[in-house]
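Chain by chain, the residues run as shown.
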Amino acid sequence: MKNFKEFKMEEIVRTDLWAIGVFKKLGIDYDNCMEKTLQEVCGKKHINPELVLDYMAEAIFQDLT
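Below is a summary of the structure that appears in this document. All of these numbers come straight from a predicted model, not from anything done at the bench.

### Observations concerning the nonpolar core
In step 1: Counting 16 residues, the largest nonpolar core has M9, F23, I28, L38 and V52 as the members making the most contacts within it.
In step 2: Listing elements by their share of this core, those giving two or more residues are α1 (9-15), α2 (18-25), α3 (38-45) and α4 (49-64).
In step 3: Residues within four places of I28 in sequence aside, it is in contact with M9, F23, C33, V41, K45 and I47.

### Some remarks on the environment of Y55
In step 1: Turning to its location among the elements, Y55 is positioned in helix α4.
In step 2: Those residues in contact with Y55, other than ones at most four positions away along the chain, are V22, K25 and L26.

### Some details on α2
In step 1: If you check which residues of α2 are buried, you get A19, V22 and F23. The buried residues of α2 occupy an angular sector of 100° when the element is viewed end-on, so they sit on one face. Those residues of α2 that are exposed and aimed more than 90 degrees away from the buried face are K24 and K25.
In step 2: Where α2 is buried, its residues touch α1, α3 and α4.
In step 3: Note on α2: the residue one or two positions beyond its end, G27, has a positive phi of about 75°.

Definitions and cut-offs
- Residues numbered from 1 in each chain as written.
- Predicted model: local features only at pLDDT ≥ 70, side-chain atom pairs only at ≥ 80, totals over all residues.
- Heavy atoms only, no water.
- Core = buried A, V, L, I, M, F, W, Y, C linked by side-chain atoms within 4.5 Å.
- Buried < 20%, exposed > 50% of the residue type's maximum accessible area, 1.4 Å probe, protein only.
- Helix = DSSP H or I, 4+ residues; strand = E, 2+ residues; numbered from the N terminus.
- Contact = heavy atoms within 4.5 Å.
- Arc of directions from axis to C-beta.

This is the structure:
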């Protein structure tokens, strides 16, 4: 099974539209890095990829309540 950090940005956005808001919140320009992995993009922005997961889970939880 592929680790979340190894998914390409386009795969993440295609599977979960919450990711778009999370990327904007973190200042990630996902349009220009769709072929890069989350690990690559987060490394360049000095963002912990786990933070992306946390924010995505939070967005989904808030929508459900």
